[in-house]
Every structure is written in structure tokens, then in C-alpha cells.
Amino acid sequence: MSTGIVKFFNETKGYGFVKVDGTNQEVFVHVSELKDQIRQDDQVTFDIQEGKRGLNAVNVKLA
């Protein structure tokens, strides 16, 4: 389980990016992987999974 901060999330389009704590890495997050409603700058926990276009945050929850 990783932790990070929501850098960007567009509720209308249903996607955004999470910055992983301790790195400069950003991972894609889709609304279908959210367990809680998130907004920009929220602290979250998540798992990282390889997707079609790179790494995705899955099982995303508020920390």
C-alpha cells in the first residue's frame, strides 16, 4: 500500500493523478478505482498496478 497526495482530479472527466510520497512519480487514477470521493490535495492510500499506458493507482482511499 502506497501513500500520496492528489495532484489533480477532474470530477467531470473522471480521472486525475496522484503524486507518490517520497518520489517525484505521478500515477494515473480513474474514478472506477476510487473507494472514497477525492479532491485535489487530499492525502490518499492506494495500490499501484500496471495499466495499458503505464502505472495506475487502484483501491484509492482517503488517508
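Just so we're clear, the structure is a prediction, and the values are computed from it rather than from any experiment. (Residues numbered from 1 in each chain as written. Predicted model: local features only at pLDDT ≥ 70, side-chain atom pairs only at ≥ 80, totals over all residues. Heavy atoms only, no water.)

## Remarks on the packing of aromatic side chains
- Applying the stated criterion across every chain, the model contains three aromatic pairs.
- Centroid distance Y15 to F28: 5.8 Å. Interplanar angle 20 degrees. Geometry classified as stacked. Pair noted here: Y15 is in strand β2 (residues 15-20) and F28 is in strand β3 (residues 26-30), with a separation of 13 residues, a long-range link.
- Since its relative accessible area comes to 29%, F28 is described here as partly exposed. (Phe/Tyr/Trp six-rings, centres within 6.5 Å; stacked < 30°, edge-to-face > 60°. Helix = DSSP H or I, 4+ residues; strand = E, 2+ residues; numbered from the N terminus. Buried < 20%, exposed > 50% of the residue type's maximum accessible area, 1.4 Å probe, protein only.)

## What to know about the sheet that holds β3
- Sheet architecture is closed into a barrel: five strands sit in the order β1-β2-β3-β5-β4, paired in mixed fashion. Across the sheet, the mean angle separating the axes of adjacent strands is 50 degrees when strand polarity is ignored. (Pairing = 2+ DSSP bridges. Axes fitted to C-alpha atoms, helices over the stretch in contact; angles between N-to-C directions.)

## Here's the deal with the UniProt feature "domain: CSD" (unreviewed entry) in the protein chain
- When the UniProt feature table is mapped onto this chain, "domain: CSD" (unreviewed entry) is found at residues 1-62.
- As a span, residues 1-62 carries 0% helix and 61% strand, and end to end its C-alpha atoms are 13 Å apart. (UniProt positions renumbered as here; feature names shortened; annotations may be inferred.)

## Some thoughts on the environment of V18
- Tracing the backbone through its elements, the reader meets V18 in strand β2.
- Sequence separation between V18 and Q40 is 22 residues, and the spatial gap between their C-alpha atoms is 9.0 Å.
- In contact with V18, not counting residues within four places along its chain, are G4, I5, V6, K7, Q25, E26, V27, V29, V44 and F46. (Contact = heavy atoms within 4.5 Å.)

## A look at the pairing of β2
- Burial along β2 is one-sided: the face carrying G16, V18 and V20 is buried and the face carrying Y15, F17 and K19 is not.
- The pairing of strand β1 (residues 2-10) with β2 spans six bridges and is antiparallel. Looking at the pairing, N10 lines up with Y15 of β2.
- The turn linking β1 back onto β2 is made up of four residues, and G14 within it adopts a positive phi angle of 80 degrees.
- Here five bridges tie β2 to β3, and the two strands are oriented antiparallel to one another. Bridging across to β3, F17 finds its partner in F28.
- As consecutive antiparallel partners, β2 and β3 are separated by five residues, and within that stretch G22 has a phi angle of approximately 80 degrees, a positive value.

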